[in-house]
Amino acid sequence: MRRVGHEARPFLRARTGVVLRLAGWSLLEFAQTFLGGFGVARALDDGFLAGRPLTGLLWLAVAAVAVLPAVLAARGVFGRLADLVEPLRDGLVRRAVSRALSGALAHSAGDAGTRSLSQVTHQSEIARDGWAGLVLTLRSFVFTAAGAVAGLLALSPVLLLIVLPPLVLGAALFLGTLPPMAARQRDYLAADEAYAAHAGRLAASVRDIAAAGAAERTVAESRTLAGAQLAASRSLARWSGVRVLALAVCGRFPPLLLLLGAPWLLRNGLTPGALVGALTYLTQALAPAVQALMTMLGTAGGRLVVVLDRFTDAPPPPAEDPPPARDAEPPPRGTPVAELHEVSFAYGPGAQPVLDRLSLTIEAGEHLAVVGPSGSGKSTLAAVLAGTERPTGGAVRWRGRPARPADATSVRVLLPQHAYVFSGSLRENLRYLRPDARDREIAAMADALGLDALLSRLGSLDADVEPDRLSQGERQLIALGRAYLAAPPLLILDEATSRLDPAAETRAELAFAALPGALVVVAHRLSSARRAGRTLVMDGPRTQCGTPDELLRSCALYRDLAGRWEPEQPDQREEEGRGEERGIRSTPPPSPV
């Protein structure tokens, strides 16, 4: 509760204007409540009981007309409510996603992921609905109660001596039930998260459970978790019964005591109209408002506090990655941009290794191509080199230091084959990795990579980009431009130019090679390998690295790939043409990637 209050204060301070506008609209509800009971009292005392029915009807008309501004107020209140409710939900979702990402970067267990999933899909909606209901109910209670108390004082201050004691007693009893109900609600949500985590593990392990004959044990665990959730729900229901008693004291006792004390009040100067007006305040305004508030606090309010308390838990910090030292000394001159030392990687404990004790050094400014048949591990190598996959053995180093997720954005950029483009302006897409890029730098990038045609078609840098209306090649060009502006020390292109024609691909790779950073290209054309200073040939865990000329002499797989990727020679096409005239058709070999 203390954590919730600590974070609620700045949230509300930032939205003071919204709260004041809500209060302004709610003043109309105060006027409706006040005129409702006061109009009835005056209609009886000054009108019907005094023999002036017209005056009585006029006072009743005043009470009835007071309802109309309240209808207008309801519209204004709901219009401002979204400004107070939606930011809460958005903030909770961002916090849950941050928790999940922090857990993923720390390679924590799957329970954190299922907890975050429950918070995004279920608990954030509970918080939004509970917060909206609490704001509406609390606002209505404050201004309705103020209107009723003001009306009772205007009729006769002695009325408060009879009305207030049961209200205070019921409120105290109700507030006494809130802590235990919050604890039971917390237990219920914890049981719900535990069952969700168990169900997630169960869905991913059905085959293993069946193969190991662990069905009975799994059913017993499920039954235990479901029983804990049921017990928490029943305990919560029992405390709800105590709340019903508090509601009865607040809502039913004040009118009853007023009726019992009516003879004494009338003998001591209270008018019949004031008595009926007081009953109107209690039965039509104050009692319903109190009951609505207590019901909301006891149900949605309790859930809201518990859910917010769970959201305020700080996400677990990564176990192995302290925050990066901003003032750390730069690496010495000549330090490689990236190093793999005896790196192994396999997709599972019993799986064949995709990388097997691979050692590789990438110097600053180097251009390395990675080639090999489809499924040989090229994309896996790119992911391990970029730090998105952790090796099962060996070590990855960036600029002389162990690779850490906290350093990733300052060291490398990885562009996959499927480029990410979001809805927004072209300028926003290109500045995604470097928000401070100036227009002249963007213009130089567009000239270097050949984005002029796309820029002319869209009209300007501020033109809206609709991803669905872009070709795959145009998406890749935007992603390449984004990486060019970032100019990282290490750029990894995992078939990021596969949708470009050979001329555009050549232009892009030469532009990146001219940058001071290292360039690693997972190649799908031999021309990419020929442009590189070194080429790494991968055939599963077997690898060989060298210059293109060295590999042509020493690597049979590279010669085979070079033969498949070799463009047709003019005399070869003439020979094939003569073959077709003789009824012979040549079938090209399948693509190696």
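Residues numbered from 1 in each chain as written. Predicted model: local features only at pLDDT ≥ 70, side-chain atom pairs only at ≥ 80, totals over all residues. Heavy atoms only, no water.

A short note on the environment of Ser460
Turning to its location among the elements, Ser460 is positioned in the loop between α16 (452–458) and β8 (464–465). Ignoring anything within four residues of it in the chain, the contact list for Ser460 reads Leu426 and Leu455. Reaching out from Ser460, the side chain makes a polar contact with the backbone nitrogen of Asp462 at a distance of 3.3 Å. (Helix = DSSP H or I, 4+ residues; strand = E, 2+ residues; numbered from the N terminus. Contact = heavy atoms within 4.5 Å. Polar contact = N/O pair within 3.5 Å; in protein donor to acceptor, adjacent residues only side chain to side chain.)

Regarding the pattern of salt bridges
Per the stated rule, a full pass over the model turns up 18 salt bridges. Where Glu29 meets Arg139, a salt bridge forms, and the shortest distance between an N and an O atom there is 2.7 Å. On the criterion of sequence distance, the pair formed by Glu29 in helix α2 (residues 16–48) and Arg139 in helix α5 (residues 110–155) is long-range, its members being 110 residues apart. By relative accessible area, Glu29 is classed as buried at 16%. With relative accessibility at 14%, the residue Arg139 sits in the buried group. (Salt bridge = Lys/Arg side-chain N within 4 Å of Asp/Glu carboxyl O. Buried < 20%, exposed > 50% of the residue type's maximum accessible area, 1.4 Å probe, protein only.)

Some points on the packing of aromatic side chains
What the rule picks out here adds up to seven aromatic pairs. Ring plane angle 75 degrees and centroid distance 5.9 Å describe the contact between Phe38 and Trp59, whose orientation is recorded as edge-to-face. Of the two residues, Phe38 sits in helix α2 while Trp59 sits in helix α3 (residues 53–65), which places them 21 residues apart along the sequence. Ring geometry for Tyr420 versus Tyr432: centroids 6.3 Å apart, planes at 65 degrees, classification edge-to-face. Taken together, the residues span a long stretch of sequence, with Tyr420 in the loop between β6 (412–415) and β7 (424–425) and Tyr432 in the loop between α14 (426–430) and α15 (439–449) at a distance of 12 residues. Relative accessible area serves as the criterion here: at 47%, Tyr432 is assigned to the partly exposed category. Following the ring pairs from residue to residue traces out a cluster consisting of Phe34, Phe38 and Trp59. (Phe/Tyr/Trp six-rings, centres within 6.5 Å; stacked < 30°, edge-to-face > 60°.)

A closer look at the sheet that holds β6
Pairing is mixed in the open sheet, where six strands are placed in the order β6-β9-β10-β3-β11-β12. Strands with a single pairing partner mark the edges of an open sheet, and in this sheet they are β6 and β12 (542–546). The mean angle between the axes of side-by-side strands here comes to 15 degrees, regardless of whether they run parallel or antiparallel. Taken together, the five bridges between strand β9 (residues 490–494) and strand β10 (residues 518–522) define a ladder with parallel strand orientation. Within β10, the residue paired with Leu490 across the bridge is Ala518. Lying on the sheet, helix α17 (residues 472–486) is in contact with β6 and β9; it crosses β6 at an angle near 170 degrees. (Pairing = 2+ DSSP bridges. Axes fitted to C-alpha atoms, helices over the stretch in contact; angles between N-to-C directions.)

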